[in-house]
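Listed here are the chains, written in short residue letters.
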Amino acid sequence: ASRLRQWIFRQDLVARNRRAQVHFDSDRGAVAIRPGLSGAHVTDEEQLFLAHALAGGFERLLVRFKADRIAVETLEFLARGAFASNLERRQCETATLNGKGGCSTPHHASGEERRNLLFEPATFQLGLHASDFQQAVQASYADVSGDHFEHALYAFLHRRRGGRG
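Residues numbered from 1 in each chain as written. Predicted model: local features only at pLDDT ≥ 70, side-chain atom pairs only at ≥ 80, totals over all residues. Heavy atoms only, no water.

Let us now look at the sheet that holds strand 1 (residues 21–25). If you trace the three strands from one edge of the open sheet to the other, you get 2-1-3, paired in antiparallel fashion. Strand pairing shows two members of the sheet lacking a second neighbour, strand 2 (30–34) and strand 3 (128–129), which therefore form its edges. In the sheet, strand 1 pairs with strand 3 via two bridges, with the strands oriented antiparallel. In the strand pairing of strand 3, Gln 21 is matched with His 129. Taken strand by strand, helix 3 (residues 74–97) contacts strand 1, strand 2 and strand 3, and its axis lies near 115 degrees from that of strand 1. (Pairing = 2+ DSSP bridges. Helix = DSSP H or I, 4+ residues; strand = E, 2+ residues; numbered from the N terminus. Contact = heavy atoms within 4.5 Å. Axes fitted to C-alpha atoms, helices over the stretch in contact; angles between N-to-C directions.)

So, in structure tokens, the structure goes:
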């Protein structure tokens, strides 16, 4: 049963890499969707996943956190957070596959570690399937309070604009 689960997991990874991928250019602060390894064009459905991910992130800010203004860099913050969450998930999956156990929570890095992931080039080396990007944006701060989100956003903005920590 264990070998079968590993085989299914690996096949899923191969399939995900063949579909369109969302990439983040950390130098430009830009999100882009490109064809996957299959070379097929980006479908309308995949573009919608990206649009819904970004809209969902802003909706959460405006409605759940009762934000009355949003910094332009918030889009970049949400995108970087999605890629950081994806990297953490991949690290957990790799540890599980290698028999080293998994992670108890989907987002195991916190505080300084998490802020560093938002700026590490390795965080953005791999693309995400559009639906995974949508899920990662929605899950990045799903269980945090408005104060925690605001603190994380301000820490990001401070560092992004040239401050430390």
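What follows covers the packing of helix 2 (residues 44–64) against helix 3. Contact geometry for helix 2 and helix 3: axes closest at 10 Å, N-to-C directions at 115 degrees. Taken together, the axis directions place helix 2 and helix 3 in an arrangement best described as roughly perpendicular. Considering the relative orientation of helix 2 and helix 3, their crossing is right-handed. Together, Leu 54, Gly 57, Phe 58 and Leu 61 of helix 2 and Thr 74, Leu 75 and Leu 78 of helix 3 make up the contact between the two elements. Looking at the contact of helix 2 with helix 3, its residues break down into five nonpolar, two polar and no charged. (Parallel < 35°, antiparallel > 145°, perpendicular 65-115°, else oblique. Left-handed = near helix turned anticlockwise from the far one by under 90°. Nonpolar A, V, L, I, M, F, W, Y, C, P; charged D, E, K, R; others polar.)

Take the packing of helix 3 against helix 5 (residues 130–140) next. In a packed pair of helices, the relevant descriptors are the angle between the two axes and the axis-to-axis distance. Packing of helix 3 against helix 5 brings their axes to within 8 Å, and their N-to-C directions diverge by 100 degrees. The angle between helix 3 and helix 5 places the two elements in the roughly perpendicular class. Contact residues: Leu 78, Ala 79, Gly 81, Ala 82, Phe 83 and Ser 85 in helix 3; Phe 133, Ala 136, Val 137 and Ser 140 in helix 5. Counted by class, the contact of helix 3 with helix 5 contains seven nonpolar, three polar and no charged residues.

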